[in-house]
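The primary structure of each chain is shown beneath.
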Amino acid sequence: MAVRKIIHVDMDAFYASVEQRDDPALRGRPVVVAWRGNRSVVCAASYEARKFGVYSAMPAVRAERLCPDAVFVPPDFARYRAVSRQVREIFQRHTDLIEPLSLDEAYLDVTQNKTGLATATRVAKTIRQQIREELNLTASAGVAPNKFLAKIASDWKKPDGLFVIQPEEVDSFLLPLPISKVPGVGKVTQKRFEEIGVKTIAHLRSLDLSLLEEHFGRYGLRLYELARGVDNNPVVSDRPTKSISAEDTFERDLTLDETESILRMLAEKVWVAASKDPRPARTVILKLKTAEFRILTRSHTLAAPLTSAEELKQIALALRERVGLDPRQRFRLAGVGLSNFGEPKSEQEPELFGASEQVQDAVGSDDQS
């Protein structure tokens, strides 16, 4: 198989950087993109705010305690989407193989590029230069033979950095890394690994596949491959969307009651992403992962398309009430999603039936790629 050339581009503190770019009074100041209030969470934080320990998905009240001088700016998702489209137009000058992950990051396959640049590194440098000169924003990029490594590389010299992993450098780069660099390995999984003496990817590579599958199910095979720098997932552009979702692994395990602010934030993210798709989604999905790695899902199918982010939030919270576990049960992850997409709004048929509702449980493990 020919070696692929993959770039992962990640805009630096995107929402906050757009706010600082558009309002000179905010430059150099700790900016927190969030609504104020007890139930609000941080959508983004500038690097000045991050020095105080403020990060996205954090409750806004905690961010205010950590950084009393922070400037809180309500999010303007329409403006962020517009800037994201401008970034995408820059990508398209170089390749058509673009796989967006969110408004602020994407994979690009530049094994063959449109501009005739000799190397993927030169393509990445050119893209970052064009973003800086045309949009007055900065982006970090990682260049590697596959998506897994490119994503790690893009974070290596943030902000405003570029890091390249050549094929012959994969082992020397990968093996010393902490196990936390593997996608899907959150704090709880990391602790489980450390209990058996696994702290680095080199240690992970020493484990047999059978042992990994015994402890992590389907995710065990993925761990086995990633420890060897193997990721055969291609960059897929413009794939038909079957679902749109956002999820978050918590810093500590939470009870169900403690997940409200996070579910609201996730629903907001999903609503923003879904607003780019002309097809209405009819099914809302809540995903929860217990501290014991059991995955639970609850879903509700609507008679009519969703009309607002607030409606999505309320449905997600209502689904939470149907979990039916001991109130003391703790969870390590939550997700909100939309599925069951119909025809674009202008082509919809009249509704013939009322709402239906589905409930399902699934048991699995960290199968995140």
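Shown above is the structure to which this text applies.
This write-up is about the structure you can find in this document. Since this is a predicted model, take the numbers as computed values, not measurements. (Residues numbered from 1 in each chain as written. Predicted model: local features only at pLDDT ≥ 70, side-chain atom pairs only at ≥ 80, totals over all residues. Heavy atoms only, no water.)

What follows concerns the overall build of the protein chain. When helices and strands are counted, the protein chain shows 13 helices and 13 strands. The C-alpha radius of gyration computed for the protein chain amounts to 21 Å, which stays within 12% of the reference 21 Å derived for 369 residues, consistent with globular compactness. Among the 369 residues that make up the protein chain, the fraction classed as buried is 49%. Long-range pairs, those at least 24 residues apart, make up 67% of the contacts in the protein chain with a sequence separation of at least 6. Carbon and sulfur atoms form 50% of the exposed surface of the protein chain, whose accessible area is close to 18,100 Å². Averaging the locations of the 53 positively and 52 negatively charged side chains of the protein chain gives two centres separated by 2 Å. (Helix = DSSP H or I, 4+ residues; strand = E, 2+ residues; numbered from the N terminus. Rg over C-alpha atoms; globule rule 2.2 N^0.38 Å. Buried < 20%, exposed > 50% of the residue type's maximum accessible area, 1.4 Å probe, protein only. Contact = heavy atoms within 4.5 Å. Areas by Shrake-Rupley, 256 points an atom, 1.4 Å probe, with all protein chains shown as cover. Lys, Arg positive; Asp, Glu negative; His and termini not counted. Charge placed at Lys NZ, Arg CZ, Asp CG, Glu CD.)

To continue, consider the sheet that holds strand β4 (residues 71–73). The strand order β3-β2-β4 describes an open sheet built from three strands, whose pairing is mixed. The outermost strands of the open sheet, each flanked by one partner alone, are β3 (44–45) and β4. Examined bridge by bridge, strand β2 (residues 31–33) and β3 share two bridges and lie antiparallel to one another. The residue of β3 that forms the bridge with Val32 is Ala45. Sitting on the sheet, helix α1 (residues 14–22) touches β2, β3 and β4, and the angle it makes with β2 is about 120°. (Pairing = 2+ DSSP bridges. Axes fitted to C-alpha atoms, helices over the stretch in contact; angles between N-to-C directions.)

Quick look at the pattern of salt bridges now. Tallied over the full model, the rule gives 24 salt bridges. With a closest N to O distance of 2.8 Å, Glu19 and Arg79 form a salt bridge. Of this pair, Glu19 sits in helix α1 while Arg79 sits in helix α4 (residues 77–92), and the two are 60 residues apart along the sequence. Among the residues examined, Glu19 registers a relative accessible area of 6% and is labelled buried. Across the pair Arg79 and Asp76 runs a salt bridge whose closest N-O atoms are separated by 3.0 Å. Owing to a relative accessible area of 30%, Asp76 belongs among the partly exposed residues under this scheme. Beyond isolated ion pairs, a larger network of salt bridges with shared partners links Glu19, Arg21, Asp22, Asp76 and Arg79. (Salt bridge = Lys/Arg side-chain N within 4 Å of Asp/Glu carboxyl O.)

Before going further, it helps to examine the packing of α4 against helix α5 (residues 120–135). Working note: a packed helix pair is described by the angle between its axes plus the distance between those axes. Remark: α4 packs on α5, axes separated minimally by 10 Å, with the N-to-C direction vectors making an angle of 140°. The angle between the axes of α4 and α5 places the two elements in the oblique class. The hand of the α4/α5 crossing is right-handed. Contact residues: Gln86, Val87, Ile90 and Phe91 in α4; Ile127, Gln130, Ile131, Glu134 and Leu135 in α5. Considering only residue class, the contact of α4 with α5 consists of six nonpolar, two polar and one charged. (Parallel < 35°, antiparallel > 145°, perpendicular 65-115°, else oblique. Left-handed = near helix turned anticlockwise from the far one by under 90°. Nonpolar A, V, L, I, M, F, W, Y, C, P; charged D, E, K, R; others polar.)

This next bit is on the pairing of strand β6 (residues 105–109). When you tally the buried positions in β6, you get five out of five residues, the bulk of the element. Judged from the five bridges that link them, strand β1 (residues 6–11) and β6 form a sheet pairing that is antiparallel. Across the sheet, His8 pairs through a bridge with Tyr107, a residue of β6.

So, about the pairing of strand β10 (residues 281–290). Where burial is concerned, most of β10 is hidden: eight out of the ten residues are buried. Where β10 meets strand β12 (residues 330–341), nine bridges bridge the pair, whose relative direction is antiparallel. When the bridges of β12 are listed, Val284 appears paired with Leu338. In terms of strand pairing, β10 meets strand β11 (residues 295–301) through seven bridges, oriented antiparallel. For Thr283, the partnering residue across the bridge sits in β11 and is Thr301. Taken together, β10 and the strand that follows it, β11, pair antiparallel across an intervening segment of four residues, in which Phe293 is found at a positive phi of about 75°.

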